[in-house]
Amino acid sequence: MTTQRYTAPDVSVIVITYNDAARLPRAVRSVLSQTLKNLEVIIVDDCSGDDTPAVARALTEEDGRVRYVRLPANSGGCGAPRNAGMDASRSPFLMFLDSDDELPRHSCKSLLLEAEATGADFVMGTVERVDEATGAVTLWYPQLFAERRVVDGIRAEPELLFNCLATNKLYRRTFLDVTGIRFPEDIHHEDIVWSTELFCRSKLFAIVPWPVYRWLLAATPATRSISSRRHELENVRQRVAAAVLSDRVLASTHSLDLKEDKDFRFLSHDLRLYLGDLPQRDPAWISEFADIVIPYVDTLDPAAIERLTRAERVCVQLVRERRGAEAALAAVELGGRHSIPPRVVTADGERVFWGATLPGGEQGRSELDVTELHLTEQPLSGALLRHELVDLQASRDEIRLRLRTYDPGRVLDGRTLTAWLRIGGRKRAIASIPVQMAPVVIEAPGEREEQAPRGLEGQWDPEEPERPRIPRMPGAAPEGTGILEGTVSISLPDLDWPDNAVRPQAVTISLHEGERRSIRPLLAIPGLSFTSVGTVGPAGPAGSGRLVLEASADIPFRLTARRLGPAAGRRFPNVAGLWRDLLSDLATPRNLGRFYRLVSATVPVNRRLVLFESAEGTGYTGNPRYVHEELQRRATGLRAVWSHADVPERFPEDVDLVRRDTFRYAWTLARAGHWVDSHNLPYCYRKRKSTRYLQTWHGQVLKKMGLDEPRHRAQPSLARKYAEAVARWDVLLTPGPDFRRDFAEASGFRGELLHAGYPRTDVLVRHMEPAQRERARRVREFFEIPAGKRVILYAPTYRDSRRFSGDSIRLDLPALAGVLPPDWVILVRAHQYDRFAVPDPLGWLVRDASAFPEVNDLMLASDVLVTDYSSIMFDYACLGRPILYYVDDYERYASTQRGVCFDLAEVAPGPLLRDPEELAGALDGLAEITERYGRRYAEFRDRWCGLDDGQASGRVVDAFFPEVVQ
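Conventions we followed
Residues numbered from 1 in each chain as written. Predicted model: local features only at pLDDT ≥ 70, side-chain atom pairs only at ≥ 80, totals over all residues. Heavy atoms only, no water. Helix = DSSP H or I, 4+ residues; strand = E, 2+ residues; numbered from the N terminus. Buried < 20%, exposed > 50% of the residue type's maximum accessible area, 1.4 Å probe, protein only. Contact = heavy atoms within 4.5 Å. Areas by Shrake-Rupley, 256 points an atom, 1.4 Å probe, with all protein chains shown as cover. Polar contact = N/O pair within 3.5 Å; in protein donor to acceptor, adjacent residues only side chain to side chain. Core = buried A, V, L, I, M, F, W, Y, C linked by side-chain atoms within 4.5 Å. Axes fitted to C-alpha atoms, helices over the stretch in contact; angles between N-to-C directions. Parallel < 35°, antiparallel > 145°, perpendicular 65-115°, else oblique. Left-handed = near helix turned anticlockwise from the far one by under 90°. Nonpolar A, V, L, I, M, F, W, Y, C, P; charged D, E, K, R; others polar. 1 Å grid on protein atoms, 1.4 Å probe; cavity = no way out; pocket = protein on both sides within 12 Å on 5 of 7 lines; lining within 4 Å. Points joined across faces, edges and corners; volume = space filled by probe spheres on them. Pairing = 2+ DSSP bridges. Salt bridge = Lys/Arg side-chain N within 4 Å of Asp/Glu carboxyl O. Phe/Tyr/Trp six-rings, centres within 6.5 Å; stacked < 30°, edge-to-face > 60°. Lys NZ or Arg CZ within 6 Å of the ring centre and 35° of its normal. pLDDT = per-residue confidence, 0-100.

### A look at the overall build of the protein chain
Phase 1 of the analysis: Helix and strand counts for the protein chain come out as 31 helices and 36 strands.
Phase 2 of the analysis: When burial is assessed residue by residue, the protein chain has 55% of its 966 residues classed as buried.
Phase 3 of the analysis: In the protein chain, the proportion of contacts linking residues at least 24 apart, taken out of those at least 6 apart, comes to 71%.
Phase 4 of the analysis: A total of about 41200 Å² of accessible surface is found on the protein chain, and carbon and sulfur atoms cover 50% of it.

### Details of the environment of Arg82
Phase 1 of the analysis: Inspection of the secondary structure puts Arg82 in helix 3 (residues 79-88).
Phase 2 of the analysis: Between the C-alpha atoms of Arg82 and Val44, which are 38 residues apart in sequence, the distance is 7.5 Å.
Phase 3 of the analysis: With sequence-adjacent residues up to four places away left out, Arg82 is seen in contact with Ile14, Ile16, Phe96, Asp98, Ala166, Thr167, Phe183, Glu190 and Asp191.
Phase 4 of the analysis: At 3.2 Å, the side chain of Arg82 forms a polar contact with the side chain of Asp98.

### Focus: the nonpolar core
Phase 1 of the analysis: Counting residues in hydrophobic clusters, the biggest one holds 112 residues, and the most contacted among them are Trp194, Leu278 and Phe289.
Phase 2 of the analysis: For this core, the element with the most residues is helix 9 (residues 283-297), which contributes nine residues.
Phase 3 of the analysis: Filtering out sequence-adjacent residues up to four positions away, Trp194 remains in contact with Met86, Phe96, Ala166, Tyr171, Leu176, Ile181, Arg182 and Phe183.
Phase 4 of the analysis: The next biggest cluster of nonpolar side chains, apart from the first, holds 52 residues, and it includes Val627, Tyr693, Val731 and Phe743.

### Some thoughts on the packing of helix 1 (residues 24-32) against helix 2 (residues 52-62)
Phase 1 of the analysis: Here helix 1 crosses helix 2 at 25°, and the two axes come no closer than 10 Å. As far as their axial angle goes, helix 2 and helix 1 are roughly parallel. When the axes of helix 1 and helix 2 are compared, the crossing they make is right-handed. On helix 2, the residues that touch Leu24, Pro25, Val28 and Arg29 of helix 1 are Thr52, Val55, Ala56, Leu59 and Glu62.
Phase 2 of the analysis: Here the residues of the contact of helix 1 with helix 2 sort into six nonpolar, one polar and two charged.

### Here's the deal with empty space enclosed by the protein
Phase 1 of the analysis: One pass over the structure, following the stated rule, counts one cavity of 30 Å³ or more.
Phase 2 of the analysis: One number sums up the size of the largest cavity: a volume of about 40 Å³.
Phase 3 of the analysis: Residue lining of the largest cavity: Leu271, Leu275, Val293, Val297, Val316, Val319 and Arg320, and that is the complete set.
Phase 4 of the analysis: Of all the secondary structure elements, the ones that give two or more residues to the lining of the largest cavity are helix 8 (259-275), helix 9 and helix 11 (310-320).
Phase 5 of the analysis: Ranked by residue count, the leading element in the lining of the largest cavity is helix 11, at three residues.
Phase 6 of the analysis: The class makeup of the residues in the lining of the largest cavity is six nonpolar, no polar and one charged.

### Considerations on the pairing of strand 3 (residues 66-70)
Phase 1 of the analysis: Here five bridges tie strand 2 (residues 39-45) to strand 3, and the two strands are oriented parallel to one another. Pairing of Ile43 across the sheet is with Tyr68, part of strand 3.

### Describing helix 1
Phase 1 of the analysis: Across the nine residues that make up helix 1, a large majority, seven, are buried.
Phase 2 of the analysis: Taken as a whole, helix 1 has its buried residues at Leu24, Pro25, Ala27, Val28, Ser30, Val31 and Leu32.
Phase 3 of the analysis: Of the surrounding secondary structure, the elements contacted by the buried residues of helix 1 are strand 1 (11-17), strand 2, helix 2, strand 3 and strand 4 (93-98).

### Overview of the pattern of salt bridges
Phase 1 of the analysis: Evaluated as defined, the whole model comprises 77 salt bridges.
Phase 2 of the analysis: As a salt-bridge pair, Arg323 and Glu321 come within 3.0 Å of each other at their nearest N and O atoms.
Phase 3 of the analysis: For the salt bridge of Asp889 with Arg799, the shortest nitrogen-to-oxygen distance reads 3.1 Å. Here Asp889 is found in the loop between strand 35 (883-886) and helix 26 (890-895), whereas its partner Arg799 is found in the loop between strand 31 (790-794) and helix 23 (813-819), with 90 residues between them in sequence. A single burial state applies to Asp889 and to Arg799, both of which are buried.
Phase 4 of the analysis: Here the salt bridges share partners, and the residues they tie into one network are Arg799, Asp807, Arg810, Asp868, Asp888 and Asp889.

### Let's talk about the sheet that holds strand 27 (residues 672-677)
Phase 1 of the analysis: The strand order 26-25-24-27-28-29-30 describes an open sheet built from seven strands, whose pairing is parallel. The open sheet terminates on both sides in strands that have one partner only, identified here as strand 26 (656-659) and strand 30 (752-755). Each neighbouring strand pair of the sheet contributes to a mean axis angle of 25°, computed without reference to strand direction.
Phase 2 of the analysis: In the sheet, strand 29 (residues 731-734) pairs with strand 30 via four bridges, with the strands oriented parallel. Note on strand 30: the bridge partner recorded for Val731 is Glu752.
Phase 3 of the analysis: Its contacts with the sheet place helix 31 (residues 952-960) against strand 27, strand 28 (692-695), strand 29 and strand 30, and it is angled at close to 155° to strand 28.

### So, the sheet that holds strand 36 (residues 912-913)
Phase 1 of the analysis: With respect to topology, six strands assemble into an open sheet ordered 33-32-31-34-35-36, the strand pairing being parallel. For this open sheet the edge positions go to strand 33 (846-848) and strand 36, each flanked by a neighbour on one side alone.
Phase 2 of the analysis: Both strand 35 and strand 36 contribute to a ladder of two bridges, which runs parallel. Counterpart to Tyr885 in the pairing with strand 36 is Leu912.
Phase 3 of the analysis: Against the sheet, helix 28 (residues 916-924) touches strand 31, strand 32 (824-828), strand 34 (864-867), strand 35 and strand 36, its axis set at about 175° to strand 35.

### Description of the packing of aromatic side chains
Phase 1 of the analysis: Tallied over the entire structure, the rule returns 38 aromatic pairs.
Phase 2 of the analysis: Above the ring of Phe902, the side-chain terminus of Arg943 is found at 5.6 Å from the ring centroid.

### What to know about the confidence of the model for the protein chain
Phase 1 of the analysis: For the protein chain, the mean per-residue pLDDT works out to 87, and 87% of the residues sit at or above 70.
Phase 2 of the analysis: Counting interchain partners and residues more than four positions distant, the pLDDT-below-50 stretch residues 444-479 has 82 contacts.
Phase 3 of the analysis: Every residue in residues 538-545 scores below 50 in pLDDT, and together they form 34 contacts with partners more than four places removed in sequence or on other chains.

### Quick notes on unusual backbone geometry
Phase 1 of the analysis: That bond from Asp840 to Pro841 is cis: its omega, 5°, falls within 30 degrees of zero.
Phase 2 of the analysis: On the secondary structure map, Pro841 appears in the loop between strand 32 and strand 33.
Phase 3 of the analysis: Not every positive phi belongs to a glycine, and Glu784 is a case in point at roughly 55°.
Phase 4 of the analysis: In this fold, Glu784 is placed in the loop between helix 22 (770-782) and strand 31.

### Concerning helix 3
Phase 1 of the analysis: Extensive coverage of helix 3 is indicated by the burial of eight of its ten residues.
Phase 2 of the analysis: Within the span of helix 3, buried status applies to Gly79, Ala80, Pro81, Arg82, Asn83, Ala84, Gly85 and Met86.
Phase 3 of the analysis: Considering only its buried residues, helix 3 is in contact with strand 1, strand 2, strand 4, helix 5 (173-179) and helix 6 (190-201).

### Overview of the packing of helix 6 against helix 7 (residues 233-252)
Phase 1 of the analysis: As a packed pair, helix 6 and helix 7 sit with axes 8 Å apart at the nearest point and diverge in direction by 15°. As judged from the angle between their axes, helix 6 and helix 7 are roughly parallel. Regarding helix 6 and helix 7, the two cross each other, and that crossing is right-handed. Across the interface between the two elements, Ile192, Val193, Thr196, Glu197, Cys200 and Arg201 from helix 6 touch Arg239, Ala242, Leu245, Ser246, Val249, Leu250 and Ser252 from helix 7.
Phase 2 of the analysis: Grouping the constituent residues of the contact of helix 6 with helix 7 by class yields seven nonpolar, three polar and three charged.

### So, the side chain of Arg760
Phase 1 of the analysis: Locating Arg760 in the fold gives a position in the loop between strand 30 and helix 21 (762-765).
Phase 2 of the analysis: Residue classification places Arg760 among the buried residues on the basis of a relative accessible area of 11%.
Phase 3 of the analysis: A distance of 3.0 Å separates the side chain of Arg760 from the backbone oxygen of His698, its partner in a polar contact.

### Side note on the pairing of strand 32
Phase 1 of the analysis: Counting buried positions along strand 32 yields five of five residues, so the element is predominantly enclosed.
Phase 2 of the analysis: Covered by surrounding structure in strand 32 are Trp824, Ile826 and Val828 together with Val825 and Leu827, the residues of both alternating faces.
Phase 3 of the analysis: Pairing of strand 31 with strand 32 involves five bridges; the strand directions are parallel. From the neighbouring strand, Arg790 faces strand 32, where its bridge partner is Trp824.
Phase 4 of the analysis: The pairing of strand 32 with strand 33 spans three bridges and is classified as parallel. Opposite Val828, over in strand 33, you have Asp848 as the bridge partner.

Spelled out as structure tokens, the structure:
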């Protein structure tokens with residue numbers, strides 16, 4: 001036991017507690033174990049009625065740095081115990097800790113060092129929120145703490161008002177004494193008032209980007225914290241009272257210039273907490289909630305309301321208009337990443353408003369205007385549909401759901417669709433079950449909830465007898481909204497639920513029309529609580545087992561499973577499945593290389609077998625596709641096999657396929673007499689001498705390539721592997737003279753150069769032919785591009801250090817949507833090394849074409865290309881259509897990232913643009929740009945497209961397959 005007492009501690013940590021004896025030791029010991037040892041802990045007990053006094057006294061005896069203060073009566077809040085702790089402290093610096101939380105080990109020392117180094121009035125840092133049930137860790141407002149810095153007062157960064165916690169800061173005692181800042185003691189949410197005054201009075205404070213506080217979210221809290229009592233209306237009153245006191249602080253500190261920022265924080269943080277819970281509240285609660293908040297909201301700066309998101313503005317206005325039921329419907333959108341439309345909209349001229357009635361007054365019209373959603377202009381993929389779960393029944397082995405789909409934009413009219421309910425995330429589906437849906441007519445809202453479906457009960461597609469079709473909806477639905485209703489039964493024994501399923505599984509509705517699809521969340525019944533115990537399987541090698549299946553009114557609807565005890569039975573393993581799993585586990589690069597060498601040593605080469613691969617097996621595209629089609633046209637008798645990277649649906653049905661990185665793939669490579677590839681075949685395969693390898697590559701060169709790439713210069717071992725891979729190439733296809741210097745020599749290639757141009761540009765050169773026009777028409781039809789709209793193809797390249805981060809999509813699409821002329825549609829083609837999702841609700845303007853199998857078809861369907869450093873610019877020039885460059889990071893990319901072979905600004909056949917406004921202006925003035933860049937465009941085509949004459953495929957086949965050409 002430590003008995004030494006420190007009379008002059010550096011930091012006092014004030015731990016406040018009330019009836020929390022079980023967790024108090026954990027909090028205190030998190031302070032005692034700090035790397036800063038010269039500190040004191042002051043436990044302030046707000047007159048607990050449990051064992052807290054005994055536990056606290058034991059802690060004081062355990063370590064002399066701990067002191068105990070007990071208030072004579074319970075204060076009912078956090079202000080009084082914190083003030084008492086401040087009065088009892090003896091240190092030049094203070095921190096606050098709640099007894100149900102912890103401090104990370106270096107918090108005190110790191111914050112103290114920062115305070116001493118900067119002279120700041122206080123230092124604040126990142127807060128970790130830890131879900132004790134799952135162990136999941138999230139950061140609280142991480143953007144506020146992204147960089148280490150010193151701030152010269154709150155006016156320099158008013159967004160820091162969102163940091164309204166008292167616990168993630170270390171305070172200089174002299175600053176608190178001079179300013180006289182104290183916690184209010186007669187209200188809850190005292191942190192809000194404290195933080196407001198703190199920021200208003202401080203001239204200098206510091207921020208650190210590391211975690212300094214651990215906010216523990218208990219799985220079964222002994223007592224609900226104040227912040228978790230949002231269901232209590234008194235909690236609402238207290239938060240509004242704290243906001244009123246904050247306004248008084250602004251006035252008393254001459255800081256009324258911060259009112260808009262403070263009001264914005266109240267609306268988008270404090271009020272939003274309650275708005276997000278409205279779907280779980282009953283009408284009486286919502287009505288009284290409105291009585292509490294409306295008078296205060298009416299005093300807020302209108303500019304603060306204008307800064308809210310559209311969904312937030314709609315919710316606030318519906319509460320102000322006392323349309324509580326509609327506010328609860330609107331609040332669903334606050335809980336996820338999807339835009340959730342209203343059930344019903346009302347049109348007034350060209351404007352569209354939320355709900356079945358027009359809003360009152362100009363303010364209501366402004367806030368409830370949802371015209372920007374473009375409900376009627378959405379394609380199926382972006383359709384703003386509202387899927388609701390309206391009834392749920394459960395038995396021992398089955399749950400039955402009744403679903404309703406609202407289509408306020410009527411985008412489903414006339415479509416032949418199949419509907420599926422999916423349980424599980426994107427990567428793994430626990431279940432995917434067909435849903436039979438039919439039109440339904442609902443009478444005026446509030447008068448009668450529903451009417452039985454009339455007539456059409458669902459039809460069946462004779463070509464797909466197990467998939468229900470959604471027929472054309474009748475036009476009798478209220479306010480023009482289309483409504484479908486359906487039921488689905490989920491058999492619990494059929495659910496393939498993983499043994500370790502802990503997290504809730506999302507439930508979504510997927511609508512399909514051919515290759516098009518719409519996937520939207522299923523919204524829950526307010527107040528839903530459901531538990532079913534049944535037999536669910538399979539449960540792995542142990543067989544099926546008993547499972548508790550639970551659902552609650554999370555937004556969106558989710559299902560959770562908990563396994564009960566050992567598996568109920570045992571079954572024979574699936575031998576075929578075990579064999580597939582074994583082969584998959586064994587198919588490592590080393591084992592595949594060994595197998596390949598064994599086959600090479602024992603099996604002769606088949607000179608009439610050609611292995612084709614494009615884009616590392618991700619599609620039937622690029623130069624290899626057009627070489628293959630030229631061989632087919634000539635009927636040479638060669639057998640072609642294409643590799644695929646687990647995406648066989650991207651290939652024609654009549655093409656022989658082999659899955660990449662399998663033993664069959666290694667077998668095919670070893671036997672093939674010809675390899676035709678556009679990237680680089682896996683490094684583990686050393687080409688046989690009698691096999692001929694044509695490397696077509698996948699584009700002209702702007703960015704540094706080959707051994708000149710930064711990663712190869714920085715990693716000699718990687719450069720050696722690349723050089724060995726290049727040494728396998730027998731023939732390298734070149735599209736022009738610059739390619740020899742910028743790619744062939746940069747890659748160390750010493751073999752034969754085939755100066756034939758690129759086969760993939762043949763269709764672009766012949767774009768005026770009927771066949772190519774038809775390809776363009778099919779693209780426009782697939783992406784549901786309205787007649788008369790012009791098409792932008794946005795195709796940037798990836799950023800080396802940020803693969804699959806989405807960072808290559810530099811263009812701010814929502815900002816562009818606000819300034820773009822109305823006659824455009826954007827096809828976004830993200831690089832295969834990056835990812836993209838259409839920002840909700842921009843489906844009316846933007847289509848995700850990243851997975852579309854053939855980029856040539858996208859080019860044929862487009863009117864203008866927007867790119868950055870991608871080689872697509874060279875292919876697109878064959879069309880003779882405008883090219884614009886969105887290069888907001890050009891200097892950084894050219895100098896410190898990938899590097900370039902020539903200055904784009906000197907040769908680009910179009911302007912280099914830096915922001916959405918510039919791009920919109922260029923698109924609006926394409927005719928002038930085409931004329932201004934005409935000469936440079938011609939020079940660009942002569943230099944990089946000189947061999948592209950529409951006959952490249954024939955020249956390549958003649959040169960590479962001379963012995964088999966007929």
